[in-house]
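Chain and residue survey
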Amino acid sequence: MVKVAVMGYGTIGSGVVEILEQNKQRIKKTSGEDVEVKYVLDLREFEGDPIQSKIVHDYKVIAEDPEISVVVETMGGVEPAFTFVKAMLEAGKNVTTSNKALVADKGAELIAIAEQKNVNFLFEASVGGGIPIIRPLMSSITGDEIVEISGIVNGTTNYMLTKMTAEGLEFDDVLKEAQAKGYAEKDPTADIEGYDACRKIAILTSVVCGQQVNYEDIHTEGITKITATDILYAKEMNRAIKLLATSRQTNEGYVAMVAPFLIPQDHPLYNVNDVFNAIFVKGNMLGDSMFYGSGAGKLPTASAVVGDIVDMVKHMGKHIILNWDATPMVLADYKKCESKFFVRTKASKEEISNIFGKVEFVDVKSLADEIGFVTEQMTEAAYEEKAAKLPDLLQMIRLA
Ligand code: HSE
């Protein structure tokens, strides 16, 4: 019998308790043990809920109980989650978390403690919700150099962009609707400004490179400036606008970025719509692969946490080596990164050509007082230098 404690009885934590109960027999078969929840740590009491008798308010009760060998952290945020998780690992307990803020900030440190204590710190649910991506990167695609990892890793913004595309709506209207439906949070900043996706690509890049990537080093743009007019141009180009979190190997090292991109129809990420997530991985031997599924939500995310629990039960007393050390990863400067740029402006075709040279114009018939164009392939730095000379620049979106 393996006794588990769940820290944080919110959406994901309650999902973990539900799956452990509902899929008890399956979990016993796959892990080889009965797995039972002994404690649930939360500030609230949950009167009348079947877990009420398991509620504790002090994390030390869990840390000091030798019967607990697995701890689930589903509280979110860096503190107090970090203090609690560190205490659990130091007490010799295995920990799984769904908390991307914690993993992005403290991943290497917590993995190092787990190694010292011969336990495990796993975090499958921290990126892509229920989609298996961390374990495939850590355990399956391990003989390859990963040359690119790019994903739609935020369900809220993908839902919003899908809605804007399907219904021609403006950003603010779609945001209100997404909030009313419970897809977007009351304070949507982390999603719409790209901060959530930034932490997720920091984790993926750390896993791929084996070093600690500082998420603050990643150039991040959200979707707040995307308009219904941009969507009209995207349709004219047979492309879709998606918020991409991308990391790729260049001659100067890995370069990572979060930004809206115009994706062509033949790109594997083009058809990833609504709240779904997908992560595209290119290995130097594997070639292209894609991991697709539910990137958020109670049961999909809890499913990934329970997968970690089963893995930890199967590896009791054995640390699973994760290639992610504390050495800070120096990312290449994104300004040296090359792409084509789609630009909207009120400038004349002549002015555009004088500044950018050869471009491809994109004309949306219903828009009389502006024009769009796509540049040749150039670095971010070269684009910025030219764009500074362009009068009346209205928008820039990179092409994937
Ligand atoms: N806010 C996140 C999203 C939740 O919309 O994808 C999952 O991390």
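In case you missed it, the structure is sitting above this.
Residues numbered from 1 in each chain as written. Predicted model: local features only at pLDDT ≥ 70, side-chain atom pairs only at ≥ 80, totals over all residues. Heavy atoms only, no water.

Section: the state of the cysteines
Note the following rule: Note on disulfides: each one is a pair of cysteine sulfur atoms within 2.5 Å. Note on classification: 1.4 Å probe, protein chains only; a residue is buried when its accessible area is under 20% of the maximum for its type, exposed when over 50%, partly exposed between these limits.
All told, the structure shown has zero disulfides when counted by the stated rule. No disulfide involves Cys198; its sulfur sits 14 Å from that of Cys209, the nearest cysteine. This cysteine, Cys337, is not joined by any disulfide, and Cys209 carries the nearest cysteine sulfur, 14 Å off. By relative accessible area, which is 19% here, Cys337 ends up buried.

Topic: the nonpolar core
Spelled out, the test is: What is meant by a nonpolar core is a set of buried Ala, Val, Leu, Ile, Met, Phe, Trp, Tyr and Cys residues, joined one to another through side-chain atoms within 4.5 Å. Helical segments are the DSSP runs of H or I of at least four residues, strand segments are the runs of E of at least two, and each set is numbered from the N terminus. Throughout, a residue-residue contact means that at least one pair of heavy atoms, one from each residue, lies within 4.5 Å.
Ranked by internal contacts, the top residues of the largest apolar core, which has 115 residues, are Ile62, Phe121 and Phe123. When residues in this core are grouped by element, the largest group, nine residues, is from helix α10 (residues 195-209). Look past the residues within four positions of Phe123 in its chain and what remains in contact with it is Thr97, Val103, Ile111, Ile134, Met138, Ile203, Val207, Asp308, Leu322 and Trp324. Grouped together as the second largest cluster of nonpolar side chains are 16 residues, Tyr270, Val272, Ala278 and Ala332 included.

Overview of the packing of helix α5 (residues 100-116) against α10
For any two helices packed against each other, one specifies the inter-axial angle together with the distance between the axes. Our working definition: Helix axes are fitted to C-alpha atoms over the stretch in contact, other axes to C-alpha atoms as well, and angles between N-to-C directions run from 0 to 180 degrees. Each angle receives one of four descriptions, namely roughly parallel if under 35 degrees, roughly antiparallel if over 145, roughly perpendicular if within 65 to 115, and oblique otherwise. Crossings are sorted by hand: turned counterclockwise from the far helix by less than a right angle, the near helix makes the crossing left-handed, and turned clockwise it makes it right-handed.
Running from amino to carboxyl end, α5 crosses α10 at an angle of 45°, the nearest separation of the two axes being 9 Å. Looking at the two axes, α5 sits oblique to α10. Relative to α10, the crossing made by α5 is left-handed. Note on element contacts: α10 touches α5 through Asp196, Arg199, Lys200 and Ile203, opposite Lys100, Ala101, Val103 and Ala104.

Comments concerning the site of the ligand
Filter applied, for reference: It suffices for a single heavy atom of a residue to lie within 4 Å of a molecule or strand for the residue to be listed as near it. Contacts described as polar in this section are N or O atom pairs within 3.5 Å, which, within protein, must combine one atom able to donate a hydrogen with one able to accept it, while residues neighboring in sequence count only if both atoms come from side chains. Here the accessible surface of atoms and residues is derived via Shrake-Rupley with a 1.4 Å probe, and residues count as covered only by protein chains that are part of the display. Ten residue types, Ala, Val, Leu, Ile, Met, Phe, Trp, Tyr, Cys and Pro, are classed as nonpolar, four, Asp, Glu, Lys and Arg, as charged, and the remainder, Gly among them, as polar.
All residues in the neighbourhood of the ligand are listed as Lys100, Asn154, Gly155, Thr156, Asp191, Asp196, Lys200, Gly295 and Ala296. Contact between the ligand and Asn154: an oxygen atom at 3.5 Å from a side-chain N or O atom of the residue. Residue Lys200 places a side-chain N or O atom 2.8 Å away from an oxygen atom belonging to the ligand. Taking 260 Å² as the accessible area of the ligand by itself, protein coverage stands at 80%. Those elements that provide at least two residues to the shell around the ligand are α7 (155-167) and α10. Broken down by class, the residue content of the shell around the ligand amounts to one nonpolar, four polar and four charged.

A short note on the sheet that holds strand β2 (residues 35-41)
Put simply, the rule reads: When DSSP finds two or more bridges between a pair of strands, those strands are recorded as paired.
Strand order in the open sheet formed by six strands is β3-β2-β1-β4-β5-β6, and the pairing between neighbours is parallel. In the strand order of this sheet, the two ends are held by β3 (55-56) and β6 (121-122), each with one partner. Of the pairings in the sheet, the one linking strand β1 (residues 2-7) to strand β4 (residues 68-73) comprises five bridges and is parallel in character. Its bridge partner lying in β4, Met7 is registered against Glu73. In this fold helix α12 (residues 298-314) packs onto β1, β2, β4, β5 (94-97) and β6, with an angle of close to 160° to the strand it touches most, β5.

Some thoughts on α7
Inclusion rule: For a helix, the expected span equals 1.5 Å multiplied by the number of residues minus one.
Over its 13 residues, α7 extends 18 Å from the first C-alpha to the last, a length consistent with the 18 Å expected when each residue adds 1.5 Å. Here the buried face of α7 lies against β7 (146-152), α8 (171-180), α9 (189-192), α11 (228-236), β10 (239-250) and β12 (276-283). The opening residue of α7 is Asn154, an N-cap whose side-chain oxygen sits 3.4 Å from the backbone nitrogen of Thr156.

Considering the packing of aromatic side chains
To keep it simple, the criterion reads: For Phe, Tyr and Trp, rings pair up if their centres lie within 6.5 Å, where Trp contributes its six-membered ring, and each pair is then called stacked (planes under 30 degrees apart), edge-to-face (over 60) or tilted (otherwise). Lysine and arginine charges are scored as sitting over a ring when NZ or CZ, respectively, is within 6 Å of the ring centre and within 35 degrees of the ring normal.
Tallying each qualifying case throughout the model produces 11 aromatic pairs. Pairing Phe356 with Tyr383 gives two aromatic rings, centres 6.1 Å apart and planes at 35°, and the pair type is tilted. Pair noted here: Phe356 is in helix α13 (residues 349-356) and Tyr383 is in helix α14 (residues 380-387), with a separation of 27 residues, a long-range link. A residue is classified by how much of its surface remains accessible, and Phe356, at 5% relative accessible area, is buried. Ring pairing ties together the aromatic residues Phe341, Phe356, Phe361, Phe373 and Tyr383, which thus form one cluster. Its end group placed over the ring of Phe82, Lys106 keeps NZ or CZ at 4.6 Å from the ring centre. Geometry around Tyr215 places Arg199 over its ring, the cationic atom sitting 4.0 Å from the centre.

That is the geometry; function is a separate question.
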